[in-house]
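As a plain string of letters, each chain reads:
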Amino acid sequence: MLTFIGLGLYDERSVTVEGREALADADRAFAEFYTSHLVGATVEELEAYHDIDIEVRDRAGVEQDPGPILDAAEDEHVAFLTAGDTMISTTHVDLRLRAEDRGIETRLVHGVTAQSAASGLTGLQNYRFGKAVTLPFPYVHGGDPVPKSVVDSLEANRELGLHTLVYLDIKVDWEGRRGVEVDGDQYMTADYAAELFAEHWDGDALGVAVCRAGSPDPVVAADRLSALAERDFGEPLHMLVIPGEVHHVEADALSALGGAPEELFDDEN
């Protein structure tokens, strides 16, 4: 059996009770943390808390060499761990399909997602989010600082009055390492993302920084993108939301929870 378990957003305690019980029932555990990972816990802390050894596989290892995971799942109960929710990445969907093709029973145990957390923390209504985008570091793609595909998706959402969740790039050096936080990791910050949008899209547009969702000290800050670019939001992980049409209840929430200047909503609507 192969059980896919979403570990939640922050540390070893963010997993659901169902997920913890499923992991306790497993004989072996594998994990993939390139797609997303827990900044509040190392793999060693996860192992100690859940009393199980965890074999971390990189993304390429899961995609190109899933044999060890599938072979183990044919004879044992194997848990496959990811941060956030499970099945967010096509890498994980592909692994599940490969397991099903081999007649291995699969099960999903869901965890909290970054999108649901962003909605809950900001007060922006979940059903009013459109297509999410990822903002890469400019050096990664060598093109415009804000790729045209990101701008196109953002503006298409706004034309429909929908909010855009912007996932911020993470570059992780996994070679020879097992920990979640390692030297050489790079996390795009909300202020840097706001700066890119302000300089290469629209600095007067409303933005909402969502930082350390799921942690004991999450931060929500709503203001013009140009203003957000001047702030320091501290430790990762960060997200950025660019709202579309803002309902009056959402405006009240952004003012109360994110400190948004009230005059922004007159500009936005």
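Residues numbered from 1 in each chain as written. Predicted model: local features only at pLDDT ≥ 70, side-chain atom pairs only at ≥ 80, totals over all residues. Heavy atoms only, no water.

To be explicit about the condition: UniProt positions are given in the numbering used here, feature names are shortened, and annotations may be inferred rather than shown by experiment.
Looking at an unreviewed UniProt entry, one finds the chain named Diphthine synthase and attributed to Haloferax denitrificans ATCC 35960. Of the comments in the UniProt record for the chain, the one headed Function (unreviewed entry) reads "S-adenosyl-L-methionine-dependent methyltransferase that catalyzes the trimethylation of the amino group of the modified target histidine residue in translation elongation factor 2 (EF-2), to form an intermediate called diphthine. The three successive methylation reactions represent the second step of diphthamide biosynthesis." Regarding the chain, the relevant UniProt record gives this comment under Subunit (unreviewed entry): "Homodimer."

## With respect to the overall build of the chain
We count it as follows: Helix numbers and strand numbers start at the N terminus; a helix is a DSSP run of H or I with at least 4 residues, a strand a run of E with at least 2. Burial classes: relative accessible area under 20% of the type maximum marks a residue as buried, over 50% as exposed, and values in between as partly exposed (1.4 Å probe, protein chains only). The protein chains shown are the only cover counted for residues, whose accessible areas, like all others here, come from Shrake-Rupley with a 1.4 Å probe. Counting rule applied: Lys, Arg positive; Asp, Glu negative; His and chain ends not counted. Charge positions come from single atoms, namely NZ of Lys, CZ of Arg, CG of Asp or CD of Glu.
Looking only at helices and strands, the chain has 12 helices and 12 strands in total. C-alpha extents for the chain along the principal axes are approximately 60 × 40 × 35 Å. Per-residue burial over the chain gives 51% buried out of 269 residues. Here the chain displays about 12200 Å² of accessible surface, and carbon together with sulfur accounts for 45% of that area. The distance from the centre of the 19 positive side-chain charges to the centre of the 53 negative ones in the chain is 3 Å.

## A word on helix H4 (residues 67-75)
The cut-off we apply is this: Throughout, a contact is declared for two residues whenever any of their heavy atoms are within 4.5 Å.
Buried within H4 are the following residues: Gly 67, Ile 69, Leu 70, Ala 72 and Ala 73. Contact partners of the buried residues in H4: strand E1 (2-6), strand E2 (28-31), strand E4 (78-82) and helix H5 (90-101).

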